Amino acid sequence: MSFRVELAVLSEHKHYCRFGLTVHNLTDQGLSNWQLQFITDRYIQPDSFTNGSIKQIGSFCTVTPSDDLLSANKHYYCEFSIGSMPLRFYSDGIKDALILVEGKAITSPVTLTPIILASPYKERTKLPVVDAHELALIPMPNKVEQSDGYFTLSASSQITLQATLAEKAATWLQEELVRIFGFSSKAIGQSDILFRNNPTLDEGAYQLTVSSSGIRLEAASSVGFVHAGATLLQLIRSETESVLVVPYIKISDSPRFKYRGMMLDCARHFHPIERVKRLINQLAHYKFNTFHWHLTDDEGWRLEIKAFPQLTSVGAYRGSGTPLEPQYSHLNSIYGGFYTQDQVKEVIAFAEDRGITVIPEIDIPGHCRAAIKSLPELLHDPEDKSQYHSIQHYNDNILSPALPGTYEFLDKVLEEVAELFPSKWVHIGADEVPEGVWIESPSCQKLMAKHGYQSAKELQGHLLRHAEQKLRTLGKRMVGWEEAQHGNKVSKDTVIYSWLSEEAALNCAKQGFDVILQPGQSTYLDMTQDYAPEEPGVDWAAVIPLENAYRYEPLAEIPDGDPIRKRILGIQCALWSEIIITQQRMDYMIFPRLTAMAEACWTDKAHRSWEGYLSRLKGHLPLLDKQDIQYRQPWK
Ligand code: ACM
C-alpha cells in the first residue's frame, strides 16, 4: 500500500498555468501532522496555493496542508499556479515526491502518475527514409576520393610510427581497435598502419590514404593525428572476428572552426569520472577539441579545493538535514559527489591523449549557492536584505562583490584551478545574476558610491575584472558567458560564450571580443529532441529535433567574407544535467544530435547536406550499437 500523487493541468495560457494536485492515501493508516515534499523545476506562485501553503527552494517544494489530517483511503487536493510557459512533456511533471509525518519521511512508497497535460504536442517527426551510405563518415571530411577495392587488416598488421607527435594518437587508435572491433595489432608485423609527419598540414588537419600498400595517416600536429585515427575508425568494416577491411580512399581534411566544444554540467547531477571520460572519448571520435567542464553551481560544488575542504565536504552533497536541500531528484537520500584533484589530472591526461583541452568553469557571481552554504563565514553577507529571485528559484545564491571573503575565496580557488588545469582558458561563468541583487546591501551600496557605479551590472563587472586580472597574473585568459561583459569592466581579452541568442555574439564580436557560439535554441542537448509528450527533456529554449540541430549554421545572415567572422572562434554544444541522472539518459539526449553538431563545427558549408548526413548517420549507427551507446533511434 502506498501513496499516489497526481498532477493535472487545469488551464493554460502563454505565461500562466493552473494545476490541481491530488495526494491519495492508499494505506490503511491515517496521517496527522503530515506534509508533502516534491520536485518541480517551475516556480509555484505561493499566493496562488489553495488548501495549505507551499515553500519552494529551487526545485524543492514543501507543502503544509491546512488540514493536518489525511485519513486512510482519503485524498488531499490543492491547486496552484505558475507564471511560465505551458507544459508539453511528461518530463515536465513532478520528478519525485515524499510524504513526511512530524517532519520525518515515511517509508511507504509514493507513486507518481504521469502528469495530465492540457495540450501536449502530438507528433513524432518522421525522417526521410534513406539508404545507409557506405562511407559513413561524421563529420563529413572536406575532401574525399574513393577508389575501388579494400585493404585488409589481418592478424599480422602492425602500427608503425614515423612521427613522435603521433604517439598518443597511435595508442588511442590501438585501444579503440580493441574496444570496438576486438582487434589487436601486432607489436611486430607488417607496417599496415603508418603514422607519418607531413609538415605542410595546419594544426588539426590530416590526410588519410588507404591503398593496396596500406593505411597512411599524416599530420603535423598531435591533434591532427587523432582526427586521422577517428576517420579511420569510421571507415573500418569487420569481415570476421579477426579480419577488418577498409575501403581504398584518399582524404584531405581540416576543420572549419578552430574551437569545437562540448560543455557538460556536473553540478545539477554528478557524473562519475568514468562517465565523464566516456563522453570525452566520444568527443574525440567526432573531432571535437574542447571539453568545457561545468564544475560548480547552486546545487553542487564538484572540484576539490585544498584551501577550502568545506566546498566539497559540505557543497558536494545535498539532501534533507544538510545545508543544501535535495534538488531535481533523490528527495529521500543524500546525493552528490566530487572530483579529487588527482581524478581531475586523470581526466585532463585522458582528454589530452585524445586531442581535447579541458576548460574548467567556476561559475561566479551567480550560481554560487553551494559555495555560499559551504563557506558562510566568508561568503554570506548577513546585512544584505536584497530581495531577488534567480531563474532557478533561489534567493541566496549570489556572491557579494563587497565582501573581503569573496576575494579571498576567489583568489584561492583560481590559484588552485590555474595550477591544476593546463588549459590557457578558465571559464568564470557570469550568467544569470538576477535583478534586485545587492540593492539592499549597505556594503555593496558603499562600494558603488565609491566608484560612481550606476547599476548592479557595474558591480558584477567590478568583481569579474578582479577575476580577469587575477587569472592574468596566473597566466590564464578569462572566458565567460555573454553576461561577462555587462557593466563594461572586463577587457577585450575575455572570450565571450553567447548562449541566449546569436545577436549577443554578434554585438560582442562587433565590440572586438572573440566569441564562441552556444545558442540554446540550437545547441542545448537537454532540450527535447521531438514533439511527442514522452520525449524527455526541457523546452525553454526550443524543441531541437535532429534536423534543427543539423541545420544550425552560425551567423547565417553574415556574409562569408565579412571580417566580423574572424571573431567567431567556434561552436559549442552543451548538456545541462537537471534531468540527466543516468548514463542511459545521457546517451539518449546526446546521440545522435552530437554527430549533427560535430558537422556544424567541422565541415565547410559547401560540403554539408542534411540528406547526405542522414544516409551517413544510417551507415554509422551500427558503430554506435557496437559501443553500446543508447542513442535515440532516428527512424523508429
Ligand atoms: C546558461 O545556459 N545559463 C549559460
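What this report covers is the structure whose coordinates are included nearby. If you're wondering where the values come from, they're calculated on a predicted model, not measured in any experiment.

### A few points about the overall build of the protein chain
Looking only at helices and strands, one finds 16 helices and 30 strands in the protein chain. Taken against the 2.2 N^0.38 rule, which gives 26 Å for 636 residues, the C-alpha radius of gyration of the protein chain at 26 Å falls within 12% of a compact globule. Across the 636 residues of the protein chain, 60% fall into the buried class. For the protein chain, long-range pairs separated by at least 24 residues make up 73% of all intrachain contacts whose partners lie at least 6 apart in sequence. In the form shown here, the protein chain has an accessible surface area of approximately 24800 Å², with 51% of it arising from carbon and sulfur atoms. Charged side chains in the protein chain number 62 positive and 78 negative. The centres of these two groups are separated by 3 Å.

### Comments concerning the environment of S254
For S254, the location among the structural elements is in the loop between strand 18 (244-253) and strand 19 (259-265). In the structure, S254 is positioned 112 residues away from N142 in sequence and 6.9 Å away in space, judged by C-alpha atoms. In this structure, S254 is in contact with N142, A205 and W602, ignoring residues within four places of it in sequence.

### Focus: the side chain of T22
By the secondary structure assignment, T22 is in strand 2 (residues 16-25). When near neighbours in sequence (up to four residues on either side) are disregarded, T22 contacts R4, V5, E6, H75, Y76 and Y77.

### Some points on the pattern of salt bridges
Counted by the stated rule, this structure contains 39 salt bridges. Among the ionic pairs, D587 bridges to R278, the shortest N-O distance being 2.7 Å. In this pair, D587 is assigned in helix 14 (residues 583-590) and R278 in helix 3 (residues 273-285), connecting sequence segments 309 residues apart. Between E535 and R632 there is a salt bridge, and its shortest N-O distance comes to 2.8 Å. Placement of E535 in the loop between helix 12 (520-523) and helix 13 (546-550) and of R632 in the segment after helix 16 (610-626) is noted, with a sequence separation of 97 residues between them. In terms of burial, E535 and R632 fall into one category: buried.

### Section: empty space enclosed by the protein
All chains considered together, the criterion is met by two cavities of 30 Å³ or more. By volume, the largest cavity is sized at about 60 Å³. If you trace the largest cavity, you find it lined by L7, F19, F38, T40, R42, I44, F80, I82, L87 and D92. When its residues are assigned to classes, the lining of the largest cavity shows seven nonpolar, one polar and two charged. In this structure, the second largest cavity encloses a volume near 30 Å³. Q282, H285, Y286, F591, L624, Q627 and I629 are the residues that line the second largest cavity.

### Observations concerning the nonpolar core
Core analysis: the largest hydrophobic core is formed by 158 residues, its most contacted members being W293 and F409. Once residues within four sequence positions are removed from consideration, W293 is found in contact with L264, C266, V276, Y339, V344, V347, V358, I359, P360, E361 and F421. Grouped together as the second largest cluster of nonpolar side chains are 28 residues, V5, F49, F80 and I99 included.

### A word on unusual backbone geometry
The residue after I138, namely P139, is reached through a cis peptide bond having omega -5 degrees. With respect to the helices and strands, the residue P139 is situated in the loop between strand 11 (110-112) and strand 12 (144-153). For the bond running from I364 to P365, omega is -10 degrees, close enough to zero to count as cis. By the element assignment, P365 lies in the loop between strand 25 (357-364) and helix 6 (369-374). Of note, the phi angle at N488 is positive, near 55 degrees, even though the residue is not glycine. Note that N488 resides in the loop between strand 27 (477-481) and strand 28 (495-498). On the basis of relative accessibility, which here comes to 63%, the residue N488 falls in the exposed class. Of note, D628 is a non-glycine position whose phi angle comes to about 60 degrees, a positive value. Relative to the helices and strands, D628 resides in the segment after helix 16.

Rules of the game
- Residues numbered from 1 in each chain as written.
- Predicted model: local features only at pLDDT ≥ 70, side-chain atom pairs only at ≥ 80, totals over all residues.
- Heavy atoms only, no water.
- Helix = DSSP H or I, 4+ residues; strand = E, 2+ residues; numbered from the N terminus.
- Rg over C-alpha atoms; globule rule 2.2 N^0.38 Å.
- Buried < 20%, exposed > 50% of the residue type's maximum accessible area, 1.4 Å probe, protein only.
- Contact = heavy atoms within 4.5 Å.
- Areas by Shrake-Rupley, 256 points an atom, 1.4 Å probe, with all protein chains shown as cover.
- Lys, Arg positive; Asp, Glu negative; His and termini not counted.
- Charge placed at Lys NZ, Arg CZ, Asp CG, Glu CD.
- Salt bridge = Lys/Arg side-chain N within 4 Å of Asp/Glu carboxyl O.
- 1 Å grid on protein atoms, 1.4 Å probe; cavity = no way out; pocket = protein on both sides within 12 Å on 5 of 7 lines; lining within 4 Å.
- Points joined across faces, edges and corners; volume = space filled by probe spheres on them.
- Nonpolar A, V, L, I, M, F, W, Y, C, P; charged D, E, K, R; others polar.
- Core = buried A, V, L, I, M, F, W, Y, C linked by side-chain atoms within 4.5 Å.

Keep in mind these numbers describe shape, not what the thing actually does.
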